[in-house]
Amino acid sequence: MNTVQSQWQVLPLLSLPSWFVNIVNSYCSDSQGIYAAQLLWHRGIQTPEQLKGFLDSNVYRPLSPFEFGYEMQLATKRLEVAMKNQEKVTIWGDFDADGVTATSVLWEGFSQFFTPYLQLNYYIPNRATESHGLNITGIKKLAEKGTKLIVTCDTGSTNLEEIDYANSLGIEIIVTDHHTLPDDRPNVISIINPRYFSKDHPLFSLSGVAVGYKLVEALYLTFPEIPESPIENLLDLVAIGLIADLVELKGDCRYLAQQGLKKLQQQLKNTTRPGVAYLLNLCKRNGDRPTDISFGIGPRINAISRIQGDAHFAVELLTSKDEKRCYELALETELANTRRKSLQKDIKKDVEKKLQMLDLSTTQVIVLEDPQWQSGVLGLVAGQIAQEYGRPTILLTTAETEKMSENDLKLARGSARSVYNIDLYKLVASQRDLLHKFGGHPFAAGLSLPVENLSLFRESINRKLRQEVIDVNTLSSTIQADLVVTVSQLGQSLFRELKLLEPYGMGNPVPKLLIQNCWFEALGNRNIKDAKNNTVKYIKTKFNIYDRSVDEGFPGIWWEHYQEELPQGEDKRCDAIVELDYNTYGKGRYEVRLIEVRESLSTEDYQSLQRNQITLIDYRNQDKVNESYLEVETLNHCPISWDELYKKYQKSIKNKNNLALNYSYNEQFNPSEITKQLIGIAKYLNRTQKTITKEQLKEKLLLSDRTVNLALNFLGKIGFLISEDKETIQIKNITHQSEDYHLSQQKLFHTLKEEHFKRKYFTQVPVETLQKLLMYESLNH
């Protein structure tokens, strides 16, 4: 079996402060809130202020758009000049759900200040023939049409060559984006990107549509007398883009999503966006909850460019008031989404066939290409393969090279997805010399490269990851069960309680429920049908799930699996991890989505699982540590090895306490400066004939036992006569240095660099990754 066998983890039940449970309970209409309270605490919501702001958007206080400072001021001033001079302004958008909604928000928002189509237009690159971001051909076309100002959304931060080209044509640029920053500020009028903030800033996780909204909000605040439509009317589009994208829904990000969902729910009763209303009704018809954007409206908007390439009509669908036109576009979108599902399934099968010919034991990064693959769905398939095979995955198509002449630059285009929180952007960026273009997030990237570079790229990126701290072959995919429940607890009450955590997203996933000793009956599978009632090859299995707590089963569905894969009957006892959902089809019903199933474990095994797990609390690089309401142990110095961290983790398990990572690390590192300080200390000790303890030296220069010994050896090689015992060091005299002292110096430098890299890793790696790795080690010891 090539796929990674998942390790199951069960979060421990904590004894929570009564005030915490009481606050959660006050938001529950027909339950006590004990399950939601456990989930919220485990997800780091642990103070009264955090809790109330998380649960109630009316309590949260969003930040001003001018929190972006001078960059936002520059942007509004340049837009004011464009308004006064009646310059042509073009919004440069992107083709995914975040980019399309960002384009729509700027289109509607700017239309309050500029005349649509005369002064204001938008341009979205074609997913199939162009790539993310600015491009020379598109900029040239806009210059010919008289564009003087480009405002990007969800893109542009690293398009330095294209920015310079636009400037050469007399076009100025305002960048609104949330992707990785360039090393130096680009030559633009303004760059509004939340990645300039610290990671704990309330605006840091804003997606492209949210950044665009902040720019529109700045215009509304600067010129309040001009707009005729309230800015809040844009929030439904903001919610769609935010939740559909790869961002963590916290701070202003969560606030905007919550407020936007309220607006979105109104579209079914008080329609102001016919296209959105039609999409929501199509979601309901297929059983997708309208407000469950990740499964409903989000994939549908993404499907437009995935299947057709051109995403321009998506903006029309989201913003037009023409009901007939919107109905046509919504139906076209629904058919594209159904086609996307079938195409995704077919390409995944092709990928799995190719993987059978790979030696995965020597493969760190999966890199595959095929001329028959359609580029639009490669990111989705790459995400599935990365999760199932436990490796970063890059899938490329060479389809467009088939019609090229010998002299044309033949490119492979595709998408990459990460796993285990490996920073994919940095990994791909390390191969930039082999690439044509790339861009994206730490966990998802788009790229293109010359076909002739493919073999070297595959070899080089595998070697690069192999050199990192983590070897993917030592890791295991992990599924975390948030709660243990019985079938009798499934239904409206639990669903409403868990709904307090919505909207879900990165860092706040859909709760996973473990049902033990269950079985399945009434199995049946069939392919889905599209909006025109045509059968599409995309399988789903329906079932009823039972356990001893019920006489009547609870309905469920297992996507992309056949009924033969599921044991049937009371004698085939299983443990299942599911997600609770509400199916809106027909009269509607509560049901579970099956995530994974396996033979039942004994109660003792699950007790062992829970005993061997604690929660890591992330206080790294914080000037002020949050007050903790539970007893915790702390790790106050940055580790330099897994063994060091694992021992502390095991001690915390033994003491049944959570572990707070309470250390910082200054990433400014200069081995020559450390050596200079070391020699200075040695000269001082020789002159004063004082002693120093090894612990003092370690603390002063941030050394380990290993580097202390190498440092003393180096001092000896350059002429210091050292007297030492287990604890103290004294310099007796200075003599001549050895001829081979530089070898000792090189070894010290190399080891200092190695420890710097490890400290940097343990300071930057997401706490979720550390938690998973430590749990895996604990379960397998």
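Refer to the structure presented above.
For every chain, the first residue of the written sequence is number 1, and numbering continues from 1 along that sequence. This being a predicted model, a pLDDT of at least 70 is required before a residue's local features are given, and a value of 80 or more before pairs of side-chain atoms are given or counted; all residues contribute to the totals for chains, interfaces and linings. Based on all heavy atoms of the structure, the side-chain values leave hydrogens and waters out of the count.

Q: Please explain the packing of helix H8 (residues 208-222) against helix H9 (residues 235-244) as it appears in this structure.
A: Describing two packed helices takes the angle between their axes plus the distance from one axis to the other. For helices, the axis comes from a line fit to the C-alpha atoms of the stretch in contact; other axes are also lines fit to C-alpha atoms, and the angle between any two N-to-C directions lies between 0 and 180 degrees. Helix and strand labels come from DSSP, where a helix needs a run of H or I of at least four residues and a strand needs a run of E of at least two; each type is numbered from the N terminus. As a packed pair, H8 and H9 sit with axes 8 Å apart at the nearest point and diverge in direction by 150 degrees. Relative to H9, H8 is oriented roughly antiparallel. Every residue of H9 that contacts H8 at Val209, Ala210 and Tyr213 is listed here: Leu235, Leu237, Val238, Gly241 and Leu242. Oblique is the label for any angle not under 35 degrees, not over 145, and not in the 65 to 115 range, which are roughly parallel, roughly antiparallel and roughly perpendicular in turn. By definition, residues are in contact when any of their heavy atoms lie within 4.5 Å.

Q: In this structure, what is going on with the sheet that holds strand S3 (residues 120-123)? I would like to understand it.
A: One key point about sheets: their strands pair by backbone hydrogen bonds, in either a parallel or an antiparallel sense. By this definition, two strands are paired if DSSP reports at least two bridges between them. With parallel pairing, the five strands of this open sheet are ordered in space as S3-S2-S4-S5-S6. Of all the strands in the sheet, just S3 and strand S6 (190-192) have a single pairing partner and so form its edges. On average, each strand axis in the sheet is inclined to that of its neighbour by 20 degrees, with strand direction left out of account. Here strand S4 (residues 147-153) runs beside strand S5 (residues 172-176); their pairing, made up of five bridges, is parallel. Directly across from Cys153, in S5, lies its bridge partner Thr176. Of the strands in this sheet, strand S2 (88-92), S3 and S4 touch helix H5 (residues 97-110), which is tilted by about 135 degrees from S4.

Q: How should the sheet that holds strand S20 (residues 632-635) be read in this particular structure?
A: Strand order in the open sheet formed by three strands is S19-S21-S20, with parallel pairing between adjacent strands. Of all strands in the sheet, those bounded by a partner on one side alone are strand S19 (616-618) and S20. Averaged over neighbouring strand pairs, the angle between their axes works out to 30 degrees when direction is ignored. One ladder, built from four bridges, connects S20 with strand S21 (residues 658-661); its direction is parallel. Residue pairing for S21: Val632 is matched across the bridge by Asn658. Lying over the sheet, helix H20 (residues 642-654) contacts S19, S20 and S21, oriented at roughly 170 degrees with respect to S20.

Q: Where do I start with the side chain of Ser744 in this structure?
A: With respect to the helices, strands and loops of the structure, Ser744 is situated in helix H24 (residues 741-764). Throughout, exposure labels follow a simple rule: accessible area from a 1.4 Å probe, protein chains only, divided by the maximum for the residue type, with under 20% read as buried, over 50% as exposed, and the rest as partly exposed. What makes Ser744 buried here is its relative accessible area of 9%. Side chain to side chain, Ser744 and Asn713 meet in a polar contact 3.3 Å long. Within polar-contact distance, the side chain of Ser744 engages the backbone nitrogen of Phe714 at 3.4 Å. For Ser744, the residues in contact, after removing those within four places along its chain, are Leu710, Asn713, Phe714 and Lys717. Under the rule applied, a polar contact is a pair of N or O atoms within 3.5 Å (in protein, one hydrogen donor and one hydrogen acceptor; residues adjacent in sequence only if both atoms are side-chain atoms).

Q: Would you take a moment to explain the packing of helix H14 (residues 323-355) against helix H15 (residues 378-389) for this structure?
A: At a closest axis distance of 9 Å, the pairing of H14 and H15 adopts a crossing angle of 50 degrees. With respect to each other, H14 and H15 are oriented oblique. Taken as a pair, H14 and H15 cross one another with a handedness that is right-handed. Facing H14, whose interface residues are Arg340, Gln344, Ile347, Lys348, Val351, Glu352 and Leu355, H15 presents Leu378, Leu380, Val381, Gln384, Ile385, Glu388 and Tyr389. Handedness of a crossing follows from how the near helix is turned relative to the far one, being left-handed for an anticlockwise turn of less than a right angle and right-handed for a clockwise one.

Q: Even after reading the chapter, I still don't get the packing of aromatic side chains, so can you show me in this structure?
A: Two numbers describe a pair of aromatic rings. These are the distance of the centres and the angle of the planes. Within 6.5 Å between ring centres, the rings of Phe, Tyr and Trp (the latter by its six-membered ring) count as paired, and their orientation is classed by plane angle as stacked under 30 degrees, edge-to-face over 60, tilted in between. Tallied over the entire structure, the rule returns 19 aromatic pairs. Ring geometry for Trp92 versus Tyr123: centroids 4.5 Å apart, planes at 45 degrees, classification tilted. Of the two residues, Trp92 is situated in strand S2 and Tyr123 in strand S3; the sequence distance between them amounts to 31 residues. Using a relative accessible area of 14% as the deciding quantity, one classes Tyr123 as buried. When the centroid spacing of 6.2 Å and the interplanar angle of 55 degrees are considered together, the rings of Phe110 and Phe114 count as tilted. Here Phe110 matches Phe114 in class, with each residue buried. Site record: aromatic cluster; members linked through ring pairs are Trp19, Phe20 and Trp41. By definition, being over a ring means that NZ of Lys or CZ of Arg is both within 6 Å of the ring centre and within 35 degrees of the ring normal. It is Arg598 that lies over the ring of Trp8; its NZ or CZ is 4.0 Å from the centre.

Q: Help me understand the pattern of salt bridges in this model?
A: A side chain of one charge can pair with a side chain of the opposite charge when the charged atoms of the two come close. One side-chain nitrogen of Lys or Arg within 4 Å of one carboxyl oxygen of Asp or Glu is enough to make a salt bridge. Applying the stated criterion across every chain yields a total of 35 salt bridges. Measuring nitrogen to oxygen at the nearest pair gives 3.6 Å for the salt bridge that ties Glu459 to Arg463. Remark: Arg463 and Glu459 occur in helix H17 (residues 454-466); sequence separation between them is four residues, near one turn of the helix. Arg463 gets classed as partly exposed once you look at its relative accessible area, which sits at 36%. In this structure, Lys499 and Glu502 form a salt bridge, with 3.5 Å as the shortest nitrogen-oxygen distance. For Lys499, a relative accessible area of 32% translates into the label partly exposed.

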